[in-house]
Amino acid sequence: MAELDRKPDFKKIEEKWQKYWEKNKTYQFDPKSKKEIFSIDTPPPYASGDHLHVGHALHYTQFELVSRYKRMRGFNVYFPPCFDNNGLPTEKYVEEKYKITKTDMSRSKFRKLCRKEAGKVEKNYTKRFFKALGHAYDWNLLYTTIDSESQKVAQTSFVDLYKKGYAYRAEEPVLWCPHHQTALAQAEVEDAKRKTKMNWVYFELENGKKVEIATTRPEFLPACVGVFAHPEDKRYTHLIGKKIKVPIFNFWVPIFADDSVDMEFGSGLMMVCTFGDNADLEKWRRLKLPMKIIIDKEGKLTKAAGKYAGLKLNQAKAAVIDDLEGWGLLARQEDLEQTVGVCWRCNTPIEFLPTKQWFVKTLAFKKELIKQGRKIDWHPKFYRKRFEDWTNNLGWDWIISRQRYYGVPMPIWYCKKCGKEQIADAKILPVDPFEVKPTKKCSCGSGQFEPEKDVFDTWMTSSMSPEIIIKWLKKPDQFKKMFPVSLRPQSHDIIRTWAFYTILKAYLHFKDIPWKEVMISNYVLDPKGRGMSKSKGNAIWLKDLLEKYSADAIRYWVSTVSLGKDMPFKEQELVRGSKVLIKLWNSSRFIAMNIGKVPKTKPQLEISDKWILSRLAEIQNSYIKHSDRYEISQARRILEDFFYAEFCDFYLEMIKYRTYGTDQKSKQAAQWTLNKTLLEILKMFAPLIPHMTEEIYEKLYKRQIKSKSIHTLQFSKPDKVDAEAITLGKQACKIISEIRQHKQKNQLGMGAELESYKLKRKPKDWKKIEALVKGTMRVRQIK
RNA sequence: GGACCUAUAGUCUAGUGGUAGGAUACUGCCUUCACAUGGCAGAGGCUUCAGUUCAAUUCUGAGUAGGUCCACCA
């Protein structure tokens, strides 16, 4: 065995092996292998900037550990890297970086710019993130969400859904972000709390009397289409069916009765406008009220709002309140805590705007989707409930069209004459309808078409990620063999989007589940427990950590985190990781110095050897049991406890008197046991700390084992456990601790020789461990 | 309003129907013999109440606190 340096140079070791793995294609998928395939539907990181904080490191490393573990469990691992460079984030990134808006240039020019920028970011990510952390991707399998194969899959998916009657176009009020000026899906709307004012406004009745109506959105007065009261509200029953005059605008609207009105809220009278909020929309739909639209796509008021036309919503609100006050129509104002739906990207409150959009039928399949969800193994399992809650509560079909530039084009044209849509033939996909014309004439006979301007919702592509990674269209045989894929790792915030849409698509296309298992990972919070982000200024950057700690130490920290729990980031966890690495190095160094030539055949083992080998077997069993359930942190803890508290603290001390001594048989038994135990320990640590274990493997084992890398080895089958050896070993450890305490109390070094020692209590089988204890603690006589 | 998760030393974390294990920080002792980025030792802890039980930190119920999702939000 070769010797190890006194101190390891972490950075040098890391760079060396990162290069080696790349050059040797250590993690390449082997399509010819007969091993069972384990495929991972990797989450694509947004290539929209270079903000890499420890949260990303955690998220991506958590399942990267799994890929390494599965490889060593004997699977043929299919682990593709990927980037999401599609959709809004990229578009916004480019707009911000160049200080432009997308309308400043042509669509194709803008898209080129987006691709260029995304490409730069991807390179940066790869080098400074995935490779710097030693991630075991097969880079040949790289995909991005905007590349032509992904576009083809997304478009093919749409064409298939259209043919099956699951995709339809309709004009109706949709959730609208005035900032991004696009329609949004329900999943893209989040709640935000804010303070606002409740305004008590006077409306005038037909008899000239005034009544108060409370509203948070007086700017919507011009869109008022009715006033509602509860049918049992005695204050107002006499008004039902009569008319009421809207202040400032002085038009009359009817007064209706409806159960949904809360008598306690406000004055008990509710004004309904098209569309101030969900409740308005609901009543409009149910009661077929008229529609008065007073806002445009930018969130400005239209001509229908009279003198307020052209103002933005919040300006209009201020102006209306001013006028109400000036004319004595404002009874009073109250502070109010309000929750509003906002765009998840820009926090702009969403509005309702009727527009023509494409939808995918979703509401009709709620029951089936929940059934599909139950066929999938969720880790941890309680997240399945969240999927079901979301599915049960869905109120809208999925809007798949977006009014953006950068994204996958929708393969649709519209007849200029009759307006009928023509969907591209599956054979010509991917297609940009701006660049290609339909081959067929419209059924009305016209050959003149208008291309669809909208692009797909980014989830239209992402929801097909299992199909994309295993090449649904390019390699149908492979697809058949590998679908559903093995594992989807993802974070919990996108269960309602990514997980949901992926399950939906697999069902609509194949009546199947997309993956067998889902692994939901955590958020890293800052040390005070808040979410980490660049904008909050509390992010801890990976770059800074990598300057201070080794990649393996960071990976070690990841392996301490349990699934399903968000955790605040604590730097002290990295200190522990660094210590474990040093301990592993030093113990290996000690073994290398003492091991000499390893006997080829199994020698006659002594009691301490049998003890540590039995314990090793027990550890191997539970390590595998936990890892198979993705309980990486439990597996790691069991392994680490064994390595520290039994292997280093006791076994290595137990064999010193034998390796330094003259009894060759005893020495060889110790060497044989050391050699085997350390190798298995290294293998179990290998997925967690790949650089350090590879370095030690190279120095100590490469010559005796054929494998070029520890990472392509498999875990050995655990030996049978010798129960007696375990009991005796435990007793020996207990007695050794007792003698250590004695030496400590008497201010003796641990290596000091003792003439005699009297045990507190002699165990039953003392004879079997007497020599071991005496030798280890250097005591001549034990009574 | 409904649902889910969590509650263990200053901090982080394991575990159990019967004396709660470890890390980190703190204190003390120990440097020829792998390791001071070390070894050994010390001090310090089960959210509250009720129930089941010979016995509850563990099981059951309720409460409290924190986190999360959904609904409501005129």
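Residues numbered from 1 in each chain as written. Chains lettered and ligands numbered in written order. Predicted model: local features only at pLDDT ≥ 70, side-chain atom pairs only at ≥ 80, totals over all residues. Heavy atoms only, no water.

(A) Molecular detail of the sheet that holds strand E19 (residues 421-423). Reading across the sheet, the 3 strands line up as E19-E18-E20 and stay open at both edges, with antiparallel pairing between neighbours. Single-partner strands in this sheet number two, and they are E19 and strand E20 (449-451). On average, each strand axis in the sheet is tilted by 35 degrees relative to the strand beside it, whichever way the strands run. Where strand E18 (residues 412-415) meets E20, 3 bridges bridge the pair, whose relative direction is antiparallel. Its bridge partner lying in E20, Trp413 is registered against Pro451. (Pairing = 2+ DSSP bridges. Helix = DSSP H or I, 4+ residues; strand = E, 2+ residues; numbered from the N terminus. Axes fitted to C-alpha atoms, helices over the stretch in contact; angles between N-to-C directions.)

(B) Broad picture of the packing of aromatic side chains. For the coordinates displayed, the defined rule picks out 47 aromatic pairs. Taken together, a centroid distance of 6.1 Å and an interplanar angle of 55 degrees make the contact between Phe83 and Phe130 tilted. With a gap of 47 residues between them, Phe83 in strand E3 (residues 82-83) and Phe130 in helix H4 (residues 107-131) connect regions that are remote in the sequence. Looking at Phe83, the relative accessible area reads 2%, which means it is buried. Chaining the aromatic ring pairs together yields one cluster made of Tyr60, Phe63, Phe79, Phe83, Tyr125, Phe129, Phe130, Tyr137 and Trp139. Above the ring of Trp396, the side-chain terminus of Arg285 is found at 5.3 Å from the ring centroid. A cation over a ring is seen here: Arg740 above Phe650, with NZ or CZ 4.8 Å from the ring centre. (Phe/Tyr/Trp six-rings, centres within 6.5 Å; stacked < 30°, edge-to-face > 60°. Buried < 20%, exposed > 50% of the residue type's maximum accessible area, 1.4 Å probe, protein only. Lys NZ or Arg CZ within 6 Å of the ring centre and 35° of its normal.)

(C) Spatial organisation of the pairing of strand E14 (residues 351-360). In terms of burial, E14 is a largely internal element, 9 of the 10 residues being buried. Looking at chain direction, strand E5 (residues 167-177) and E14 are connected through 10 bridges and run antiparallel. Across the sheet, the residue bridging to Arg169 is Trp358, located in E14. Judged from the 2 bridges that link them, E14 and strand E16 (residues 398-399) form a sheet pairing that is antiparallel. Residue pairing in the sheet places Val360 in a bridge with Trp398 of E16.

(D) Seen up close, the pattern of salt bridges. Applying the stated criterion across every chain yields a total of 46 salt bridges. We note a salt bridge from Lys245 to Glu204, for which the minimum N-O separation is 3.6 Å. Residue Lys245 is located in strand E10 (residues 243-245), and its partner Glu204 is located in strand E7 (residues 189-205); the two are separated by 41 residues in the primary sequence. Owing to a relative accessible area of 28%, Glu204 belongs among the partly exposed residues under this scheme. (Salt bridge = Lys/Arg side-chain N within 4 Å of Asp/Glu carboxyl O.)

(E) Representation of helix H7 (residues 313-326) within the structure. Counted at 1.5 Å a residue, the expected span for H7 with its 14 residues is 20 Å, and the 20 Å between its end C-alpha atoms agrees. Along its buried surface, H7 packs onto E7, strand E13 (330-343) and E14. (Expected span 1.5 Å × (residues − 1). Contact = heavy atoms within 4.5 Å.)

(F) The arrangement of the sheet that holds strand E22 (residues 485-491) in detail. Read from one edge to the other, the open sheet built from 3 strands follows the order E15-E23-E22, with strand pairing classed as parallel. Edge strands, defined here as strands with exactly one partner in the open sheet, are strand E15 (377-379) and E22. For this sheet, the mean inter-axis angle between neighbouring strands, taken without regard to orientation, is 20 degrees. Note: E15 against strand E23 (residues 515-521), 3 bridges, orientation parallel. Each residue of the ladder has a partner; that of Trp378, found in E23, is Val518. The strands that helix H2 (residues 54-72) touches are E22 and E23; relative to E23, the one it contacts most, it runs at about 140 degrees.

(G) Up close: the environment of Asp544. Here Asp544 is to be found in helix H14 (residues 542-548). Separated by 142 residues in the primary sequence, Asp544 and Arg402 have C-alpha atoms spaced 38 Å apart.

(H) Just the protein's contact with RNA strand B, in detail. Taken together, 49 residues lie near RNA strand B, and Asp277, Arg386, Asn393, Arg496 and Tyr660 sit nearest. The separation between a sugar or linking oxygen of RNA strand B and a polar main-chain atom of Thr215 is 3.4 Å. In the model, a base oxygen of RNA strand B is placed 2.7 Å from a nitrogen or oxygen of the Thr339 main chain. The set of elements that each furnish at least two residues to the surface near RNA strand B consists of E7, strand E8 (210-215), E13, helix H9 (383-393), helix H16 (572-594), helix H18 (632-654) and helix H22 (723-745). With 10 residues, H16 is the largest single contributor of residues to the surface near RNA strand B. (Near = heavy atom within 4 Å. Polar contact = N/O pair within 3.5 Å; in protein donor to acceptor, adjacent residues only side chain to side chain.)

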